Amino acid sequence: KEGIKLMKTAIVTDSTAYIPEQIREKYDIHMIPLSVNFGNESYQEEIEITSEQFFEKMRGQQQLPTTSQPPVGKFVELFETLSNEYDAVISIHLSSGISGTYNGAATAGDMVENIDVYTYDSEISCMVQGFYALEAAEMAHKGANPKDILARMDEMKKTIKAYFMVDDLSNLQKGGRLSGAQALIGSLLQVKPILHFEDKVIVPFEKVRTRKKALNRVFELLDEVASQNEPMRVVLIHANRSEEAEKMQQELSTKYPNIECMISYFGPVIGTHLGEGAIGVGWYKK
Ligand code: MYR
């Protein structure tokens, strides 16, 4: 008689989930880095350059850095190594509407033969993408099969939301990551628009005049969900504004005992496109 064999599924994500190393280790999450380039100097984020070093370096530059997706070969190499120990891989990535990373992982998945690779488009990025990776890792650890993990992520997608604001829209515009009507974008350069993801790309959500008003509006949107008193996870994401994020965390934790509120950051690659001072709020119902 055959015993029940638990599937061993490895969870892979990319650096833009900004899951701190200790947490990746604890959850056994494998990470492939994207890079930032200053002229012809290239740094793999989270490995060769920290957020603090990056923002400091960016401040001193005339020209904006650029970013690049990981080479397909990096994914191939990792998937092949994982095939020695696992039956399957779920590889979770930043939105395919803003980066070629997801497609690169999918190409690599097709190239590797001795392991099943499922690529997942988070349609978002940063710690909100990290939420998928953390839940997937918890399930994988318990021996859940890939189909069930993928189904759970699709379920999460229904309540996952993130809004974010930048101090200056020009980085996003220069990097070509702001979608929506050009005329609208022109008129937005004067204000502090709230941004979000729609159909995998970044579009303005609402025009607001000041950062304070924009934040209040985002907290109002959060309140619509948080006041239902169901368990939820919230993340405050900042580009080198940790004190501001800590203050907000305190306020939210006091106001909503049902939410688990964490702080995360916009690292080098996302920081290149959003600029220093950006702030975001993301959440999902658990
Ligand atoms: C690449 O070079 O492939 C990376 C491009 C990254 C574009 C990032 C655009 C900003 C994303 C903001 C995410 C906010 C999530 C809450």
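Coordinates for the structure precede this section.
Residues numbered from 1 in each chain as written. Predicted model: local features only at pLDDT ≥ 70, side-chain atom pairs only at ≥ 80, totals over all residues. Heavy atoms only, no water.

**What to know about the packing of aromatic side chains**
Any two aromatic rings considered together are summarised by their centre-to-centre distance and by the angle between their planes. Under the criterion given, the structure shown has 10 aromatic pairs. On the basis of an interplanar angle of 70° and a centroid distance of 5.1 Å, the ring pair of Phe54 and Phe55 is categorised as edge-to-face. Of the two residues, Phe54 and Phe55, both sit in the buried class. Members of the aromatic cluster, connected to one another through ring pairs, are Phe38, Tyr43, Phe54 and Phe55. A cation over a ring is seen here: Lys8 above Tyr86, with NZ or CZ 4.9 Å from the ring centre. (Phe/Tyr/Trp six-rings, centres within 6.5 Å; stacked < 30°, edge-to-face > 60°. Buried < 20%, exposed > 50% of the residue type's maximum accessible area, 1.4 Å probe, protein only. Lys NZ or Arg CZ within 6 Å of the ring centre and 35° of its normal.)

**Side note on the site of the ligand**
Lining the immediate environment of the ligand, one finds 18 residues, of which Thr67, Ile98, Ser99, Arg177 and His273 sit closest. For the ligand, whose unbound accessible area comes to 500 Å², protein coverage reaches 98%. Secondary structure elements with two or more residues in the shell around the ligand: strand S5 (66–68), strand S8 (161–165) and helix H11 (268–274). The element contributing the most residues to the shell around the ligand is H11, with four residues. For the shell around the ligand, the residue count by class is 11 nonpolar, six polar and one charged. Counting the residues that make up the shell around the ligand, at least three belong to each of domain 1 (9–34 + 69–157) and domain 2 (161–285). (Near = heavy atom within 4 Å. Areas by Shrake-Rupley, 256 points an atom, 1.4 Å probe, with all protein chains shown as cover. Helix = DSSP H or I, 4+ residues; strand = E, 2+ residues; numbered from the N terminus. Nonpolar A, V, L, I, M, F, W, Y, C, P; charged D, E, K, R; others polar. Domains from an automatic or database assignment.)

**Observations regarding the pairing of strand S6 (residues 88–93)**
The element S6 is extensively covered by neighbouring structure, given that six of its six residues are classed as buried. Judged by which residues are buried, S6 turns out to be covered on both faces: Ala88, Ile90 and Ile92 on one side and Val89, Ser91 and His93 on the other are all buried. Two elements, strand S1 (residues 9–14) and S6, share five bridges in a ladder whose sense is parallel. Across the sheet, the residue bridging to Ile11 is Ile90, located in S6. (Pairing = 2+ DSSP bridges.)

**Observations regarding unusual backbone geometry**
Even without being glycine, Tyr18 reaches a positive phi, approximately 45°. As for its placement among the helices and strands, Tyr18 is situated in the loop between S1 and helix H1 (21–27). Note on Tyr18: relative accessible area 0%, which makes it buried. In this structure, Lys200 takes a positive phi of about 75° despite not being glycine. For Lys200, a relative accessible area of 31% corresponds to the partly exposed category.

**Topic: the pattern of salt bridges**
If you walk through the whole model with that rule in mind, you get 15 salt bridges. For Lys157, the salt bridge identified is with Glu123, shortest N-O distance 3.0 Å. Taken together, the positions of Lys157 in helix H6 (residues 146–157) and Glu123 in the loop between strand S7 (116–121) and helix H5 (126–141) put the pair 34 residues apart, joining distant regions of the chain. Here Glu123 falls in the partly exposed class, since its relative accessible area comes to 28%. Measuring nitrogen to oxygen at the nearest pair gives 3.1 Å for the salt bridge that ties Arg211 to Asp167. Taken together, the residues span a long stretch of sequence, with Arg211 in helix H9 (residues 211–226) and Asp167 in the loop between S8 and helix H7 (170–174) at a distance of 44 residues. What makes Asp167 partly exposed here is its relative accessible area of 36%. Within this structure, Arg59, Arg241 and Glu276 form a network of salt bridges that share partners. (Salt bridge = Lys/Arg side-chain N within 4 Å of Asp/Glu carboxyl O.)

**Points about helix H4 (residues 101–111)**
The periodicity of an α-helix, 3.6 residues per turn, causes residues three or four places apart in sequence to face the same way. All of the buried residues along H4 are Thr101, Tyr102, Gly104, Ala105, Ala108 and Gly109. Angularly, the buried residues of H4 cover 160° about the axis, an arc narrow enough to put them on a single face. Exposed positions of H4 whose direction lies more than 90 degrees from the buried face are Asp110 and Met111. The secondary structure elements touched by the buried residues of H4 are S1, helix H3 (72–82), S6 and S7. (Arc of directions from axis to C-beta. Contact = heavy atoms within 4.5 Å.)

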